[in-house]
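Each chain, letter by letter, is given below.
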Amino acid sequence: MGIARRRPATGATRAAGARRAAGAAPGRASAAARAAGVAAVALAVTAGTIGTAGAVGAAPDGDGDTRRPGVNRLEGVWRTDGYGILVEIHGTAFTTYDVTRISCTPGFYSGAQVGAPGRDGTVRYGQTGKAYASSSITPRGRDRAVYQEDGAASARDLTRLPGGLPAECRQPAPQDALASFDRFWATFEENYPFFAAKGIDWRAKGAQARAGITPRTTTDELQKILVGLLEPLGDAHTALGRKRPGGGYDGVFGGLRPGTAEPTDEVRELSARAVAAQLLAPEQTFGRGRLGVGALPGGIGYLRVSGFSGYVEDGPYQDDAAELDRALDLLLAHPERLNGVVVDLRLNGGGSDELGLRIASRLTDRPFLAYRKVARNDPADPTRFTRPQPSVVRPAAGTTRYTGPVALLTAGSTVSAGETFTQAMAERRPAPVRIGENTQGVFSDIMFKPVSADFVAVLPNEKFLTRSGSTFDGPGIPPNVRTPVFTPEELGQGRDSALTEARKILSAGGAGAADAADATEAAGAGPR
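Everything in this summary refers to the structure shown in the same document.

So, how was this worked out
- Residues numbered from 1 in each chain as written.
- Predicted model: local features only at pLDDT ≥ 70, side-chain atom pairs only at ≥ 80, totals over all residues.
- Heavy atoms only, no water.
- Helix = DSSP H or I, 4+ residues; strand = E, 2+ residues; numbered from the N terminus.
- Contact = heavy atoms within 4.5 Å.
- Polar contact = N/O pair within 3.5 Å; in protein donor to acceptor, adjacent residues only side chain to side chain.
- Disulfide = S-S within 2.5 Å.
- Buried < 20%, exposed > 50% of the residue type's maximum accessible area, 1.4 Å probe, protein only.
- Pairing = 2+ DSSP bridges.
- Phe/Tyr/Trp six-rings, centres within 6.5 Å; stacked < 30°, edge-to-face > 60°.
- Lys NZ or Arg CZ within 6 Å of the ring centre and 35° of its normal.
- Axes fitted to C-alpha atoms, helices over the stretch in contact; angles between N-to-C directions.

### Re the environment of Gln-175
Step number 1: Residue placement: Gln-175 occurs in the loop between β8 (156-160) and α3 (177-191).
Step number 2: With 279 residues separating them in the primary sequence, Gln-175 and Asp-454 have C-alpha atoms 8.9 Å apart.
Step number 3: Excluding residues that lie within four positions of it along the chain, Gln-175 makes contacts with Ser-180, Arg-183, Ser-452 and Ala-453.
Step number 4: There is a polar contact of 3.2 Å between the side chain of Gln-175 and the backbone oxygen of Ala-173.
Step number 5: Within the local environment of Gln-175, its side chain forms a polar contact with the backbone nitrogen of Ala-453, the two atoms lying 2.6 Å apart.

This is the structure in structure tokens:
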């Protein structure tokens, strides 16, 4: 989840705005509007978010006070492994700083402690003024700790920084155009993992752009220069926000893979009609409209997931999980009666990876590896990454599960957490059949990095690895069966070829779904 996958009415894209949706519709009519969602939701991201994580226990050590409740063993300054972040903990306050080899500036996140430390020293943090926590830090000995975010599928390692906060972090950073550009460039240079895959010579492009900056370069001119560097990346997890006079940020750019488009409100309305025409009855909605459950002819269940966050107006991850469970309980009330399940991810803007794994846990009776995640952690070497962290799907206990044929409907508007769920489900047995189009091709959590008094940059720094160690970043996950998805022709005639094909395959027992998945990769359409 990346910091944010993140949006309105139907979901949140990590790309268009944050895994933690504060509510902006995943579909935007333009890239600028989508970037606006990123920045707007970014401001609503729960304080204290410096990364993502799964539940990680603390290892006891020999420190004298480690077992005594109420002792904050985290006081001090910590450096994340990768991510370019320093974390300062002083009393109950939690503050972050963004660091590159040339700068140290106040970070995007801060928070306050919620409740007393646990017996193992774990401290929970949340947004100031909120009654609930959303993340935690657990000490592992005197000089190591683990950060975890509720609803995330991985953890970040912290190492205590000797000597406390560096002096440069206390000094105001220069805000002239050249200094701002240099911080922006260095932030991408030290964190972005896909320059080589996209054929981008970042150093050459940076040098060329920098040569055009003078002491007279205006904020508008600098914005144009920064956007010019981002556009060729074609990456839906990159964006630029500009601070507005009243506070917060307006999105001025949001990336998108060439050849794909953001679904408009009209597309959403017409696509809902096309789906409804095939359902036996109107779908029942959950999660503020982001989830829909219905029934198709032939004993086939239907689950629409338009986002993996924002299911409740204002609450912790646990409330989102509870709402998702309500939808799944309805879908799987009588799993023995189901001849198949369709999971519709075509307009999924992203959100919490962990919620995707939660669905997967209801669709299996055996554990399986979903993916392994790594992050860039050497500013000077783009080939260096953190140790791989595996995420494992485990069968949900104490509730109904379904283990029969599954079809996943995907499109270019399947983004971020919608894609990590699709990647995870590829390891399920029997494998689902994927129908529709390639997903968007962005998997990493996103980072919000203020690079000046005026601009905040949004970028990824992680890879979600398959079992073989490759990724789908860039081209996205291909379908096993390619069909049109919500094209003008289809919508104009009220057709939904992808859903029709899913019904056909599942009505035949889902035979060949696993073979189709194997054939897709064998033909060279698999990860790179």
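### Some points on the state of the cysteines
Step number 1: The tally for this structure, following the rule as stated, stands at one disulfide.
Step number 2: The partner cysteine of Cys-104 in its disulfide is Cys-169, sulfur to sulfur 1.9 Å. Disulfide Cys-104-Cys-169: torsion about the S-S bond near 105°, hence right-handed. Of this pair, Cys-104 sits in strand β4 (residues 103-113) while Cys-169 sits in the loop between β8 and α3, and the two are 65 residues apart along the sequence. Both residues of the pair, Cys-104 and Cys-169, count as buried.

### Brief notes about the pairing of strand β6 (residues 135-139)
Step number 1: In terms of burial, β6 is a largely internal element, five of the five residues being buried.
Step number 2: By the alternation rule, side chains of β6 split into Ser-135, Ile-137 and Pro-139 and Ser-136 and Thr-138, which are all buried.
Step number 3: In this sheet, β6 lies alongside strand β5 (residues 123-126) in antiparallel orientation, the contact comprising three bridges. Of the residues in β6, the one forming a bridge with Arg-124 is Ser-136.
Step number 4: Alignment of β6 against strand β7 (residues 144-149), held across five bridges, turns out to be antiparallel. Looking at the pairing, Ser-135 lines up with Glu-149 of β7.
Step number 5: Counted between consecutive antiparallel strands, the loop separating β6 from β7 contains four residues, among which Gly-141 sits at a positive phi close to 90°.

### Description of the packing of aromatic side chains
Step number 1: Throughout the structure, instances matching the rule amount to 13 aromatic pairs.
Step number 2: Relative to Phe-195, the ring of Tyr-192 has its centre 4.8 Å away and its plane inclined at 55°; by these criteria the two rings are tilted. Of the two residues, Tyr-192 and Phe-195, neither departs from the other in class, the shared state being buried.
Step number 3: Here the aromatic residues Phe-184, Phe-188, Tyr-192, Phe-194, Phe-195 and Trp-202 are joined through ring pairs into a cluster of three or more.
Step number 4: For the cation-ring pair, Arg-156 lies above Tyr-83, with the distance from its terminal atom to the ring centre recorded as 3.3 Å.

### Concerning the sheet that holds strand β11 (residues 284-286)
Step number 1: Read from one edge of the open sheet, seven strands run β11-β12-β13-β14-β17-β18-β22, paired in mixed fashion. The sheet is open, and its two edges are formed by β11 and β22 (481-482), each paired on a single side.
Step number 2: Judged from the four bridges that link them, strand β17 (residues 406-410) and strand β18 (residues 433-436) form a sheet pairing that is parallel. Its bridge partner lying in β18, Leu-409 is registered against Ile-435.
Step number 3: Across the sheet, helix α8 (residues 317-331) is in contact with β11, β12 (291-296), β13 (300-305) and β14 (340-344); its angle to β12 comes to roughly 5°.
Step number 4: In this fold helix α12 (residues 497-507) packs onto β12, β13, β14, β17, β18 and β22, with an angle of close to 165° to the strand it touches most, β17.

Treat this as a map of the structure, not an account of what it does.
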